[in-house]
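# A closer look at the structure
Next come the chains, spelled out residue by residue.
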Amino acid sequence: MIVIENVAVATVDAEDTYHADGHVVVGDDGRIAAVGAGRFPADLPRVDGTGCLVTPGLVNTHHHLYQWATRGLALDETLFGWLTTLYPIWGRLDAEIVGAAAGAGLGWLALSGCTTSMDHHYVFPRDGGDVLEAEIEAARRLGVRFHPTRGSMDLSRKDGGLPPDNVVEKTDEALAATEAAIDRWHDPSPDAMLQIAVAPCSPFSVTERLMSEAAELARRKGVRLHTHLAETDDEEDFCRERFGCTPVEYAERLGWLGDDVWLAHGVHLDDAAIARLGATGTGVAHCPSSNARLGAGAARVRELLDHRVPVGLGVDGSASQEAAHLGEELRQALYTARIRGGPGALNAREALRLGTMGGARCLGRQDDLGSIEVGKLADLVVWRLDGLGHEGIDDKLAALVFGPAAPVELSLVGGRPIVERGELVHGDAETLAREARRAHDRLLRT
């Protein structure tokens, strides 16, 4: 057991309890044993958090880790132009490249305050080896809690979709491989380090049959569902022309709304769509930096929250958002909301909630993650906020959200450290960078 003391504590509990000078006790079972104001009286090993803020670990709800190998390309394209540029390159992925990209991406996420990340992997070249296993092993080495999703595409360009033929799968093969991934990897236990979800890629790369049968498969297996939806105007036009309805209407038609579903982006949603997401409990992974980089627009986060839609944060793939820093997404989400709705549209506490409890709700882990409460898993981040970049901002939570990216003094997953004093515990940043550079060079030379 350890006590983190002399520290500001943002619990993100239902009352948004905040202690300007408090403590958090981590039990030897990897769960939170106590939290409160002032000192904890028992004689236990202690971590001095002077100058720091402790929050729940950040939860990344949308990512494509393989894309770390193709950062810095198609910098001035819209989504569809960006995809058509990169699909041929991604068709040359293999397990070695994906493993290196995942190691770099997850290591960087850990250094940015992330303790739990999903990944949406949907490109499975036939001779590429077990790319899903490669990223799972990378997460295990680094100690990050991981929710990879088994994605898929079966609607190629020749059939009216966007991706080329060489990066799509046959429908039955994709469904069988998805079920096999669930059977092999998914851990349903409350303290699971690894859970699988089902994630056909998008309406413009997946057939109606794959979408509907994937939903049936996920519910039969008791796992969650994820896909891209309503990211751009192009997607809206595609759905209206091909299916005669909006993206959300299309998703509902195929059984893709519900409290076991979270959708990536949700930028172009009208009032009726937002109301349906709220009524069904369907979540949204908000990716403000990626949406800005691709010029896709700004999600209506205030309206989503007002309709009780679970909203989490995502960095999205590193090829559409090269910074991929989850801590910085707190500020980006706040600024994006205020560009739409003024300074009252989102505050610092709400931004932190998006990155913690909102993300936990999207992943179905709200009972064990997302807030600092007794009995929950001790996934915690201690942020150092007494340096030059933050000094003078008296409210530590405001310093975290409004200030520059804060150094991570300590990050725990289930009470076990994964970052200490800004360094990875189970990996070396320079080694991860070299491996990612080799993967990038090999992929682009192939």
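Up top you'll find the structure we're talking about.
Now for a description of the structure that goes with this document. The model shown is predicted, which means the values in this text are computed figures rather than measured ones. (Residues numbered from 1 in each chain as written. Predicted model: local features only at pLDDT ≥ 70, side-chain atom pairs only at ≥ 80, totals over all residues. Heavy atoms only, no water.)

## Comments concerning the nonpolar core
Core analysis: the biggest nonpolar cluster contains 125 residues, and Trp 82, Trp 90, Trp 256 and Leu 400 have the highest contact counts within it. Apart from residues no more than four positions distant in its own chain, Leu 400 is found in contact with Leu 53, Thr 55, Leu 330, Leu 352, Trp 383, Leu 385 and Ala 406. If you look at the next biggest cluster of nonpolar residues, it comprises 14 residues, including Val 26, Ala 378, Leu 380 and Leu 412. (Core = buried A, V, L, I, M, F, W, Y, C linked by side-chain atoms within 4.5 Å. Buried < 20%, exposed > 50% of the residue type's maximum accessible area, 1.4 Å probe, protein only. Contact = heavy atoms within 4.5 Å.)

## Quick notes on unusual backbone geometry
Look at Asp 16: it is not a glycine, yet its phi comes out positive at around 55 degrees. Its relative accessible area of 31% is what places Asp 16 among the partly exposed residues. Phi at His 265 is positive, roughly 90 degrees, even though this residue is not glycine. Of note, His 265 is situated in strand 11 (residues 261–265). For His 265, a relative accessible area of 0% translates into the label buried. (Helix = DSSP H or I, 4+ residues; strand = E, 2+ residues; numbered from the N terminus.)

## With respect to the side chain of Thr 246
Structurally, Thr 246 can be placed in the loop between helix 6 (233–243) and helix 7 (247–253). Among residues more than four places away in sequence, those in contact with Thr 246 are Glu 236, Cys 239 and Arg 240.

## Things to note about helix 8 (residues 271–280)
For helix 8, the complete set of buried residues consists of Ala 273, Ile 274, Leu 277 and Gly 278. Buried residues along helix 8 cover an arc of 135 degrees about the axis, so they all sit on one side. In this structure, helix 8 carries Asp 271, Ala 272 and Ala 279 as exposed residues pointing more than 90 degrees from its buried face. Elements in contact with the buried residues of helix 8: helix 7, strand 11, strand 12 (283–286) and helix 10 (301–306). One or two steps after helix 8, the chain reaches Gly 281, where phi turns positive at roughly 75 degrees. (Arc of directions from axis to C-beta.)

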